[in-house]
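Notes for the structure review
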Amino acid sequence: MIGTVCHSIEIENFRNIPSASVTFTEGVNLLHGDNAQGKTNLLEAVYFTALGKSFRPVKEAELIRFGEESARVVNRFSDSVRQQSLSFRLFAGRGHRIVEQNGLKIGRMSEMVGAFRVVLFCPEHLSLIQGGPELRRSYLNVALSQLRPLYLQSLQRYSKLLKERTALLKRAPEDMATFKATEPMWSAQLAHEAAIITIHRARYVSQVNDHVRACFSDMMTKYEGGDELPELTYQPTMGSEWLESHRDDPDLFTDQHRLEERYLELLTTRHDREIGAGATLWGIHKDDVKITLNGRPARLYASQGQQRSLALAMKLAEGWVSAYESAGDMPVFLFDDVLSELDAHRRDYLVQEMKGRQVIMTACDPAAADFGGAVNLIHVDGGRYTQKEV
């Protein structure tokens, strides 16, 4: 079941890559070579065309090859409907970019995100269970931004509003008059966007949960035995007592008006705590996804193997939900040196699940791409790419 397919990527002065044009097959594509040669950089370029940002914590200027004035990345791809292209040009020191979709300039990223969809799986994602809430929020944001433009727009507005309101809180001790005059406006807007984001996140976690359960059960049955039942539950920051009092309300996370009222109540009645902390203490930037195994916190009671199975199940579920929301078109799967982090059983399971999907992956050893079929081998050496299909 091939869905979205990246046919080629053209690069100029992106990271350590002076110039490259790489074509991909519909199946498995392996970028192999020694460390620090440009494998992950090429994968990063593909990812960048999907979301307009890197999956690594860098400033955009750092993506431009040292000493150059600009960088360019062009992705030519297709879905079940048509051939498309996305082009990015980044400029050093200017703080702006030029983005084109099918030759037409794009003014806002929310207009193009989702045209080319990816699921990234890298070693950091193996910490989805054990790591902090920010990892699971990122998981939600990346997936939802590619599926629902309104979510991305709300998330962008929320981030800007949060920055302004937090700056206001930090200035409040010296300028209480300005705080009292303007805080209601910032809080009302923040509560509005938070309610929209909460509805999207709650629905998505419910969708993912069904797939994670099925995938995890399948892995355990095939390779390890056991009857553990995972559960993913959305945990918004709205007050534990308030949430408990609404625990049996099936419409809670679909009622935008009620959610907005609750966020506004939290943001307007606890100013002393927030001013003392110099931060906004309530809102979707504090959310989490609770992950349990047979009702117990997976981060505390699941074995390392079970945690890795859960993380793998979450990434596969991300792909399934993406396809469901996109008329059956599977996204492109990007694996950054992740197979070396999995044991033989989980590696075999992943290989089976990737049949009929486009995969672009990195590894030092070309033998890592044992997917039981033709593989497009791309040797990477100092930002140069040599292709050979085997």
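The structure we're discussing is the one just above.
What comes next is a walk through the structure. (Residues numbered from 1 in each chain as written. Predicted model: local features only at pLDDT ≥ 70, side-chain atom pairs only at ≥ 80, totals over all residues. Heavy atoms only, no water.)

1. Focus: the sheet that holds strand S4 (residues 70-78)
Quick note on the threshold: DSSP bridges decide pairing: two strands pair if at least two such bridges lie between them. Helix and strand assignments come from DSSP, with helices taken as H or I runs of at least 4 residues and strands as E runs of at least 2, each series counted from the N terminus. Residue contacts follow a heavy-atom distance rule, with two residues in contact if any of their heavy atoms lie within 4.5 Å. Every axis in this analysis is a line fitted to C-alpha atoms, fitted for helices over the stretch in contact. Angles between the N-to-C directions lie between 0 and 180 degrees.
Spatial strand order, S2-S1-S4-S5-S6-S7: 6 strands in an open sheet with antiparallel pairing. The open sheet has two edge strands, strand S2 (17-23) and strand S7 (104-105), and neither has a second partner. With 6 bridges joining them, strand S1 (residues 5-14) and S2 adopt antiparallel strand pairing. Directly across from Ile 11, in S2, lies its bridge partner Ala 20. Across the face of the sheet, helix H1 (residues 39-51) comes into contact with S1, S2, S4, strand S5 (83-91) and strand S6 (97-101) while running at roughly 110 degrees to S1.

2. Some points on the pairing of strand S8 (residues 118-121)
How we decide: Relative accessibility decides the category of a residue: with a 1.4 Å probe and only protein chains considered, values under 20% of the type maximum give buried, values over 50% give exposed, and everything between is partly exposed.
Burial of the side chains of S8 extends over both faces: Val 118 and Leu 120 are buried on one face and Val 119 and Phe 121 on the other. Note that S8 and strand S12 (residues 332-336) share 4 bridges and pair parallel. When the sheet's bridge partners are listed, Val 118 is paired in S12 with Val 332.

3. Side note on the sheet that holds strand S11 (residues 296-297)
Ordered by their spatial adjacency, 3 strands build an open sheet running S9-S10-S11, and the pairing between neighbours is antiparallel. The open sheet has two free edges, formed respectively by strand S9 (230-235) and S11, since each of these has just one partner strand. Bridge analysis of S9 against strand S10 (residues 288-293) gives 6 bridges, and the strand direction is antiparallel. Note that in S10 the partner of Leu 232 across the bridge is Ile 291.

4. Description of the packing of helix H2 (residues 133-147) against helix H3 (residues 149-171)
In a pair of packed helices, the angle between the axes and the distance between the axes together describe the arrangement. To be explicit about the condition: Oblique is the label for any angle not under 35 degrees, not over 145, and not in the 65 to 115 range, which are roughly parallel, roughly antiparallel and roughly perpendicular in turn. For this classification, Asp, Glu, Lys and Arg are treated as charged, while Ala, Val, Leu, Ile, Met, Phe, Trp, Tyr, Cys and Pro are nonpolar and the rest, including Gly, are polar.
In contact at an axis separation of 5 Å, H2 and H3 are set at 125 degrees when each is read in the N-to-C sense. What the angle tells us is that H2 and H3 run oblique. The segment H2 lies against H3, with Asn 141, Leu 144, Ser 145 and Leu 147 engaging Pro 149, Tyr 151, Leu 152 and Leu 155. Across the contact of H2 with H3, the residue classes break down as 6 nonpolar, 2 polar and no charged.

5. Notes on the pairing of S10
When you tally the buried positions in S10, you get 5 out of 6 residues, the bulk of the element. Looking at chain direction, S10 and S11 are connected through 2 bridges and run antiparallel. Pairing of Thr 292 across the sheet is with Pro 297, part of S11. Linkage of S10 to S11, two consecutive antiparallel strands, is achieved through a turn of 2 residues, within which Asn 294 is found at a positive phi near 55 degrees.

6. What about the environment of Asp 337?
Mapped onto the elements, Asp 337 comes out in the loop between S12 and helix H10 (344-353). Overall, Asp 337 belongs to the partly exposed group, its relative accessible area being 31%. Here the alpha-carbon distance between Asp 337 and Asp 365, two residues 28 residues apart in the chain, equals 9.9 Å. Aside from chain neighbours lying at most four places away, what touches Asp 337 is Pro 123, Thr 362 and Ala 363.

7. Brief notes about the environment of Gly 276
Tracing the backbone shows Gly 276 in helix H7 (residues 271-277). Residues Gly 276 and Asn 209, spaced 67 residues apart in sequence, show a C-alpha to C-alpha distance of 38 Å.

Note that every value here comes from positions in space, so none of it alone points to a role or purpose.
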